Amino acid sequence: CYHLIFYGCTGLTQAPALPATNLADYCYYGMFAGCTGLTNAPALPATIMANNCYANIFEGCTGLTQAPELSATNLAPSCYYGMFYSCTGLTQAPTLPAKTLAASCYYGMFQGCTGLTNAPKLPVTNLADNCYQYMFYGCTGLIEAPTLSATTLANYCYADMFCGCTALTTPPALPATTLASYCYYNMFRDCTGLTQAPELSATNLADSCYQYMFLRCTGLTNAPALPAKTLAASCYCGMFNGCTSLTQAPALSAETMTYSCYAGMFQGCTGLT
């Protein structure tokens, strides 16, 4: 109903009230996208989401300095997809109280928010496909990652999550023991400030689970132990590609190989001896 209604209205400085609590699919999609003059977001009181309801609602609102409270506990697929994409003036993320996630619910939510220094808490342990994918992509000011306590993962759940977070020096612990396809794909790509890798204790791997996980992490000097004995297709493909400061490779003790499991794993690691 309000899909893209104020798209590109750069002179808009105040948003209308949005009191609805019963949402519909795509109802606020891109509503204020490109409204660079908007400094305050309207209250969003709905507690039950609909598919893509807030997707890209504030995309490119570079003047937005404070996010609205998000009190929903029942999420829907892509409900917060790209919600604050490229909101470069945003310095603090809202609290995310949801207990149950949905597919792509937080996909790219803070992508390109270069002013964001701290991430919101992410306490949910039951994940959904693509739930955190691209969530903090390009957040160059992010200095601390949230705790990630899930032990059973979903497809693409953490893929691309911290890509380009160049200020991040310490990764979050990754306690999961059962992985899913592409779960850590590109997770820390181009995190040039990262100096250590998290412990990777999982022994049940999945296709492409670690693919390009540390791509071009040029500050990484030591690789984590890789205890899995049975590998999956492309599981370690390009995992440390371009890690030029890496001086020691982990032991590769797997007993059962498969297609492309080690393909390009240490490509460009010029510091390895």
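Scoring rules and cut-offs
Residues numbered from 1 in each chain as written. Predicted model: local features only at pLDDT ≥ 70, side-chain atom pairs only at ≥ 80, totals over all residues. Heavy atoms only, no water. Helix = DSSP H or I, 4+ residues; strand = E, 2+ residues; numbered from the N terminus. Buried < 20%, exposed > 50% of the residue type's maximum accessible area, 1.4 Å probe, protein only. Areas by Shrake-Rupley, 256 points an atom, 1.4 Å probe, with all protein chains shown as cover. Lys, Arg positive; Asp, Glu negative; His and termini not counted. Charge placed at Lys NZ, Arg CZ, Asp CG, Glu CD. Salt bridge = Lys/Arg side-chain N within 4 Å of Asp/Glu carboxyl O. Phe/Tyr/Trp six-rings, centres within 6.5 Å; stacked < 30°, edge-to-face > 60°. 1 Å grid on protein atoms, 1.4 Å probe; cavity = no way out; pocket = protein on both sides within 12 Å on 5 of 7 lines; lining within 4 Å. Points joined across faces, edges and corners; volume = space filled by probe spheres on them. Nonpolar A, V, L, I, M, F, W, Y, C, P; charged D, E, K, R; others polar. Disulfide = S-S within 2.5 Å. Contact = heavy atoms within 4.5 Å.

**Student:** What is the right way to look at the overall build of the protein in this model?
**Tutor:** Secondary structure assignment for the protein yields 0 helices and 0 strands. Dimensions along the principal axes, computed over C-alpha positions, put the protein at roughly 60 × 30 × 25 Å. A burial count over the protein gives 52% of its 273 residues as buried. Put simply, the protein shows about 11,100 Å² of open surface, and 50% of that area lies on carbon and sulfur atoms. For the protein, the separation between the mean place of its 5 positive charges and that of its 10 negative charges on side chains is 6 Å.

**Student:** Which parts of the structure should I look at to understand the pattern of salt bridges?
**Tutor:** As enumerated under the stated definition, the model contains 2 salt bridges in all. For D190, the salt bridge identified is with R189, shortest N-O distance 3.6 Å. For D190, the salt bridge identified is with R216, shortest N-O distance 2.7 Å.

**Student:** Looking at this structure, how should I read the packing of aromatic side chains?
**Tutor:** Geometry of an aromatic ring pair is reported as the spacing of the ring centres plus the angle between the planes. Per the counting criterion, the structure on display carries 27 aromatic pairs. Consider the rings of Y26 and Y29, whose centres lie 5.6 Å apart with planes at 55°: the pair is tilted. By relative accessible area, Y26 is classed as partly exposed at 39%. Relative to F84, the ring of F58 lies with its centre 5.7 Å away and its plane at 10°, an arrangement referred to as stacked. F84 sits in the buried class, given a relative accessible area of 0%.

**Student:** What should I look at first to understand the layout of surface pockets in this one?
**Tutor:** Gaps left between atoms show up when a probe the size of a water molecule is rolled over them. Here the largest pocket defines a volume of roughly 200 Å³. Around the largest pocket, the lining residues are Q66, A67, P68, Q92, A93, P94, T95, L96, A119, P120 and K121. For the lining of the largest pocket, the residue count by class is 7 nonpolar, 3 polar and 1 charged.

**Student:** Explanation requested: the state of the cysteines in the structure shown.
**Tutor:** In protein chemistry, a disulfide is the covalent bond that joins the sulfur atoms of two cysteines. Per the stated rule, a full pass over the model turns up 0 disulfides. The thiol of C139 is unpaired, and the distance to the nearest cysteine sulfur, on C165, comes to 5.3 Å. Relative accessible area serves as the criterion here: at 0%, C139 is assigned to the buried category.

**Student:** So what exactly am I meant to see when it comes to the environment of Y81 here?
**Tutor:** Look at Y81 and you get partly exposed, because its relative accessible area is 30%. A sequence separation of 30 residues divides Y81 from Q111, and the C-alpha atoms of the two residues are 9.8 Å apart. Those residues in contact with Y81 that lie beyond four places of it in its chain are Y54, A55, N56, S104, C105 and Y107.

**Student:** Would you mind going over unusual backbone geometry with me for this structure?
**Tutor:** As a rule of thumb, non-glycine residues mostly have phi less than zero, and peptide bonds are mostly trans rather than cis. Even without glycine at this site, N56 takes up a positive phi of about 55°. Of the residues examined, N56 reaches a relative accessible area of 10% and is grouped as buried. Of note in this structure, R216 is not a glycine but carries a positive phi near 60°.

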